[in-house]
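Architecture and fold: a report
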Amino acid sequence: MRSFLQPLLIVLFFFVGACNAPLLKQEMVQFDRAFIPVFYYSYVGDVESAQKALPLLQRQWQKVRMDFEQASTASDDWQESIRLIGAWIEEAHCALRDGEAERALFQLDHARYELMDLRWREGINDYYLDYAWELEATIDIAISTSSDPMLKLLDWKEFVAISEDVNSSWQALQAQTVDQQLYRIKGAKMLLLKERQQAMNTAILNFLRSVESADRLEFAATAKALEPAYLNYINLFGDFESIQTFYASIQ
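Residues numbered from 1 in each chain as written. Predicted model: local features only at pLDDT ≥ 70, side-chain atom pairs only at ≥ 80, totals over all residues. Heavy atoms only, no water.

This part is about the pattern of salt bridges. The final tally for this structure, using the stated rule, is 9 salt bridges. For Arg83, the salt bridge identified is with Glu80, shortest N-O distance 2.7 Å. Of this pair, Arg83 and Glu80 both sit in helix 4 (residues 76–97), 3 residues apart, which is roughly one turn of the helix. Judged by relative accessible area, Glu80 falls into the partly exposed class, the value being 35%. For Asp98, the salt bridge goes to Arg97, with nearest N and O atoms at 3.6 Å. (Salt bridge = Lys/Arg side-chain N within 4 Å of Asp/Glu carboxyl O. Helix = DSSP H or I, 4+ residues; strand = E, 2+ residues; numbered from the N terminus. Buried < 20%, exposed > 50% of the residue type's maximum accessible area, 1.4 Å probe, protein only.)

Our next topic: unusual backbone geometry. Peptide bonds are mostly trans, and most non-glycine residues show a negative phi. If you check the backbone angles, Arg184 has positive phi at about 55 degrees while not being a glycine. Considering the arrangement of structural elements, one finds Arg184 in the loop between helix 8 (180–183) and helix 9 (187–213). In this structure, Ala214 is a non-glycine residue whose phi angle is positive, near 60 degrees. Positionally, Ala214 belongs in the loop between helix 9 and helix 10 (216–235).

Moving on, we get to the confidence of the model for the chain. Chain-level pLDDT for the chain is 84 on average; 82% of the residues reach the 70-or-more range. Across residues 3–20, where pLDDT falls below 50, the model places 78 contacts with residues more than four positions away in sequence or in other chains. (pLDDT = per-residue confidence, 0-100. Contact = heavy atoms within 4.5 Å.)

Attention now goes to helix 10. Its 20 residues give helix 10 an end-to-end C-alpha distance of 30 Å, which sits within 8% of 28 Å, the value for a rise of 1.5 Å per residue. Every buried residue of helix 10 is listed here: Phe219, Thr222, Ala223, Leu226, Glu227, Ala229, Tyr230, Leu231, Tyr233, Ile234 and Asn235. Among the residues of helix 10, the N-terminal cap falls to Asp215, whose side-chain oxygen and the backbone nitrogen of Leu217 are separated by 3.0 Å. (Expected span 1.5 Å × (residues − 1). Polar contact = N/O pair within 3.5 Å; in protein donor to acceptor, adjacent residues only side chain to side chain.)

Once that is clear, we can look at the layout of surface pockets. Reported here for the largest pocket is a volume of approximately 230 Å³. Lining the largest pocket are 13 residues, with Met116, Trp120, Ile124, Asp130 and Glu134 positioned closest to its centre. Counting only elements with at least two residues in the lining of the largest pocket, the list comes to helix 5 (101–121) and helix 6 (128–146). Of the residues forming the lining of the largest pocket, the biggest block, 5 residues, is contributed by helix 5. Split by residue class, the lining of the largest pocket holds 6 nonpolar, 2 polar and 5 charged. (1 Å grid on protein atoms, 1.4 Å probe; cavity = no way out; pocket = protein on both sides within 12 Å on 5 of 7 lines; lining within 4 Å. Points joined across faces, edges and corners; volume = space filled by probe spheres on them. Nonpolar A, V, L, I, M, F, W, Y, C, P; charged D, E, K, R; others polar.)

If you look at the biggest cluster of nonpolar residues, it comprises 74 residues, and the most contacted ones within it are Leu129, Leu135, Tyr183, Met200, Phe207, Ile234 and Phe237. Looking at this core element by element, the count peaks at 10 residues for helix 2 (residues 21–43). Apart from the residues lying within four places of it in its own chain, the contact partners of Phe207 are Ala142, Ile162, Ser163, Val166, Phe219, Thr222, Ala223 and Leu226. (Core = buried A, V, L, I, M, F, W, Y, C linked by side-chain atoms within 4.5 Å.)

Across its 19 residues, helix 7 (residues 156–174) extends 27 Å between first and last C-alpha, which sits within 8% of the 27 Å expected from 1.5 Å per residue. Among the residues of helix 7, Trp156, Phe159, Ile162, Ser163, Val166, Ser169, Trp170 and Leu173 are the ones counted as buried. The arc that holds the buried residues of helix 7, viewed along the axis, is 150 degrees, so those residues lie on one side. For helix 7, the secondary structure elements touched by its buried residues are helix 6, helix 9 and helix 10. (Arc of directions from axis to C-beta.)

Here's what the structure looks like:
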């Protein structure tokens, strides 16, 4: 499993006061909704679709940059973070242009975690998707470990620790509430989200049972099964619908 990104007016949040927090949080979510399709298509190796999804993400990032430039009190740390994020997004663009989806995904990971770190540094701990990104990171470790050629030589305590991390991240995510208005998940889409949450829960329970069985082959199989369950879950937070319209408007 790989990893992914986020915000939009995030910079202003720390300079104009908490009164604007709801609006700024909404903009961060819009950035993530544009990010998730680029991540997904890069992950599955669909370069053409990732290229079409990228312009919407770039537009959202430009809004972040403009707001940052207007924040005259921005610290040097902020300036460096924004510079790095912009560079990584451009690197992802270059990678997709060259047909290298895996390299693009690597750059997107860098940008996403820099943005997560910005929120962490400023004490923003109620951003729903950050908990989803943390779950993805633990799943990534589980899959990487299970595909290691030296799997048979690993101490079983390592598998137990990995499973505990996955479960802890999942429990932390489940404890959060999805803002249906903010994420535009309502009606049939909310029902679909509940179905995919249940599928994710089932995949994690199967993974935990494989650790209890102490069967390395079963551990590898159930770890790999976490991947499609997670992708199906996180995709519901992406704005796949706007990609074609926006892409056509700039051609």
